[in-house]
Amino acid sequence: MKARGVRLHAANDLRLEEFELPEITDDEILVKVVSDSICMSTYKCAILGTEHKRVHEDVAEHPAIMGHEFAGDIVKVGKNHQDQFKPGMKFTLQPALNYKGTMWSPGYSYEFFGGDTTYCVIPAEVMELGCLLEYKGRAYYEASLAEPMSCSIGAFHAAYHTQMGVYTHEMGIKKNGKLAIMAGAGPMGLGALTYALHRDVRPSMVVVTDLNQDRLDRAEELFPVETYKKEGIELHFVNTGKFEDPVAELIRISGGTGYDDVFCYAPVAAVVKQSSDILGRDGCLNFFAGPTDKNFSATMNFYDVHYNSTHVMGTTGGNTADMIESLELTAAKRINPAVMVTHIGGLDAAAETTLNLPKIPGGKKLIYTHLSMPLTALDELRKAAEERNDDRYAALADIVESHQGLWCPEAEEYLLANFITEE
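We now turn to the structure provided with this report. (Residues numbered from 1 in each chain as written. Predicted model: local features only at pLDDT ≥ 70, side-chain atom pairs only at ≥ 80, totals over all residues. Heavy atoms only, no water.)

**Examining the overall build of the protein**
Thinking step 1. If you tally the helices and strands in the protein, you get 14 helices and 19 strands.
Thinking step 2. With respect to the principal axes defined by its C-alpha atoms, the protein has extents near 60 × 50 × 40 Å.
Thinking step 3. For the protein, buried positions account for 56% of its 423 residues.
Thinking step 4. Considering only intrachain contacts with a sequence separation of at least 6, the fraction spanning at least 24 residues in the protein is 72%.
Thinking step 5. On the protein, roughly 18300 Å² of surface is accessible, and the fraction owed to carbon and sulfur atoms is 50%. (Helix = DSSP H or I, 4+ residues; strand = E, 2+ residues; numbered from the N terminus. Buried < 20%, exposed > 50% of the residue type's maximum accessible area, 1.4 Å probe, protein only. Contact = heavy atoms within 4.5 Å. Areas by Shrake-Rupley, 256 points an atom, 1.4 Å probe, with all protein chains shown as cover.)

Structure representation (structure tokens):
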């Protein structure tokens, strides 16, 4: 059958094109993709091409479908999986397959398997690993965002702490500890923040830093300091650019102790150094943001590594259990992944958006693959209605504005019901 999608042919060469999907085998599943959220990792893949660890060498001959944060509907099921999956089921999936030691992943490594497409074929290894998940929720975008949320969830679980003379690590962030999210007012940082504030094991203090005051103001609007103070969490939003010595200010906020857990959300040497410098005793630094420069390095205080037991680690992606935790917390309305989303668009906007992602302000860009729509900021929907002479954008603006400016199930349902789709 025919599909239409954005595929990688080489570094900086993304093409929206129609192609033929092969007939599925008994061990494969055909799906209709509805939503895909664009990840900074996809941008890195797009600009690096075969230099990226997950991209196959013959991508020019066998172009890879972009996108790995996707959800949709199951269309056809090979007979080997018909006991578990049925046509009409909603699905999401864990793209970090780690299959037999490889780095294969949808959105990087497969010719017919990825998220920026109308339809794709899910290969046997996904079901073998238990990475295809039935989704029973209301909104497709929440299932798409379960993947980026799972990355932050995995980072929290991977944090660890030690005791002198004890050689077993205590896993997870420190309960009632002090936590800092550095360069954290972007989409992934806000995802980490909603999780930190609403998970079972919580810190007593959370500090979010950034250099962009508008982003910090928006974050504080979404997460009011007084609300969380009532829940026993001291919350701070700090513009480190306003201080001559940001490390000293952050240490002061901590009460002089430094932080038990620090998450670094920017691959910037100065931010990494700040992250190291604010660690308290036995503090765990997670370098979350993956750089594109293979030679990227930053300094860390090794006096503190030796005498204060500070330590550093990095995580990339989550696992299937993290995905399930994200979906369950979202269904229970304990977390709201929509805090990450600032733009929506159709499949025709995906390639340009991916290649220019660092230049586009805001957070997550959410693509609806069966729509034709320019990339549109949520806070410019009303402006788009005027410029495009289209009252549907005004209706979307009404819905979004009634939900604190956030994307929501009602907005998605209106979008899918009223905008022209491509089958």
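**Some words on the state of the cysteines**
Thinking step 1. Applying the stated criterion across every chain yields a total of 0 disulfides.
Thinking step 2. In this structure C264 is a free cysteine whose sulfur lies 13 Å from that of C284, the closest cysteine sulfur available.
Thinking step 3. Residue class for C284 comes out buried when judged on its relative accessible area of 2%. (Disulfide = S-S within 2.5 Å.)

**Describing the side chain of D36**
Thinking step 1. Mapped onto the fold, D36 is located in strand 3 (residues 29–38).
Thinking step 2. A distance of 3.0 Å separates the side chain of D36 from the backbone nitrogen of E69, its partner in a polar contact. (Polar contact = N/O pair within 3.5 Å; in protein donor to acceptor, adjacent residues only side chain to side chain.)

**Focus on the nonpolar core**
Thinking step 1. By size, the foremost hydrophobic cluster in this structure holds 66 residues, and its most contacted members are L193, F223, I344 and W407.
Thinking step 2. The greatest single-element share of this core, amounting to 9 residues, is contributed by helix 3 (residues 140–158).
Thinking step 3. Beyond its immediate sequence surroundings of up to four residues, L193 is in contact with I181, V206, V208, F223, L235 and F237. (Core = buried A, V, L, I, M, F, W, Y, C linked by side-chain atoms within 4.5 Å.)

**Some thoughts on the pattern of salt bridges**
Thinking step 1. Enumeration over the complete set of coordinates arrives at 20 salt bridges.
Thinking step 2. Here K76 ties to E23 by a salt bridge, and the two come within 2.5 Å at their closest N and O atoms. With K76 in strand 5 (residues 70–77) and E23 in the loop between strand 2 (13–20) and strand 3, this pair connects stretches of sequence that are 53 residues apart.
Thinking step 3. Of the residues examined, K76 reaches a relative accessible area of 38% and is grouped as partly exposed.
Thinking step 4. In this structure E23 comes out as exposed when scored by relative accessible area, which is 58%.
Thinking step 5. Across the salt bridge formed by E69 and K364, the nearest N and O atoms sit 2.7 Å from each other. With E69 in the loop between strand 4 (64–65) and strand 5 and K364 in strand 18 (residues 364–368), this residue pair connects regions lying 295 residues apart in the sequence. Here E69 and K364 have matching classes, each one buried.
Thinking step 6. Among the charged side chains, a network of salt bridges with common partners joins R138, E410 and E413. (Salt bridge = Lys/Arg side-chain N within 4 Å of Asp/Glu carboxyl O.)

**Things to note about the pairing of strand 14 (residues 259–264)**
Thinking step 1. In terms of burial, strand 14 is largely enclosed, as 6 of its 6 residues are buried.
Thinking step 2. Judged from the 4 bridges that link them, strand 11 (residues 178–182) and strand 14 form a sheet pairing that is parallel. When the bridges of strand 14 are listed, L179 appears paired with D261.
Thinking step 3. Sheet topology note: the strand 14/strand 15 (residues 279–287) ladder contains 5 bridges and is parallel. Residue C264 lies in a different strand from strand 15, and its bridge partner there is F287.
Thinking step 4. Regarding the hand of the β-α-β motif, the stretch spanning strand 14, helix 8 (residues 269–277) and strand 15 is right-handed. (Pairing = 2+ DSSP bridges. Right-handed = clockwise from strand over helix to strand, strands pointing away.)

**Regarding the layout of surface pockets**
Thinking step 1. Its volume calculated, the second largest pocket comes out at about 690 Å³.
Thinking step 2. Every residue lining the second largest pocket is counted, 31 residues in all, and those nearest its centre are E142, T330, A331, K333 and I335.
Thinking step 3. Within the residue set of the lining of the second largest pocket, elements represented by two or more residues are strand 8 (132–134), helix 3, helix 4 (187–198), helix 10 (320–331) and helix 14 (409–418).
Thinking step 4. With 4 residues, the single largest contributor to the lining of the second largest pocket is helix 10. (1 Å grid on protein atoms, 1.4 Å probe; cavity = no way out; pocket = protein on both sides within 12 Å on 5 of 7 lines; lining within 4 Å. Points joined across faces, edges and corners; volume = space filled by probe spheres on them.)

**Regarding the sheet that holds strand 13 (residues 234–239)**
Sheet strands line up and pair through hydrogen bonds in the backbone, either parallel or antiparallel.
Thinking step 1. Ordered in space as 13-12-11-14-15-16, the 6 strands form an open sheet in which the pairing is parallel. Looking at the sheet topology across the chains shown, the edges are occupied by strand 13 and strand 16 (311–313). The mean inter-strand angle of the sheet, taken between neighbouring strand axes irrespective of direction, is 15°.
Thinking step 2. Packed on one face of the sheet, helix 8 meets strand 11, strand 14 and strand 15 and runs near 150° to strand 15. (Axes fitted to C-alpha atoms, helices over the stretch in contact; angles between N-to-C directions.)

**Some remarks on unusual backbone geometry**
Thinking step 1. One non-glycine residue, N98, lies in positive phi territory at about 50°.
Thinking step 2. Here N98 lies in the loop between strand 6 (90–93) and strand 7 (119–122).
Thinking step 3. Residue N98 is classed as exposed on the basis of its relative accessible area of 53%.
Thinking step 4. Its identity is not glycine, yet D282 carries a phi of approximately 60°, on the positive side.
Thinking step 5. Locating D282 in the fold gives a position in strand 15.
Thinking step 6. The exposure class assigned to D282 is buried, which follows from its relative accessible area of 7%.

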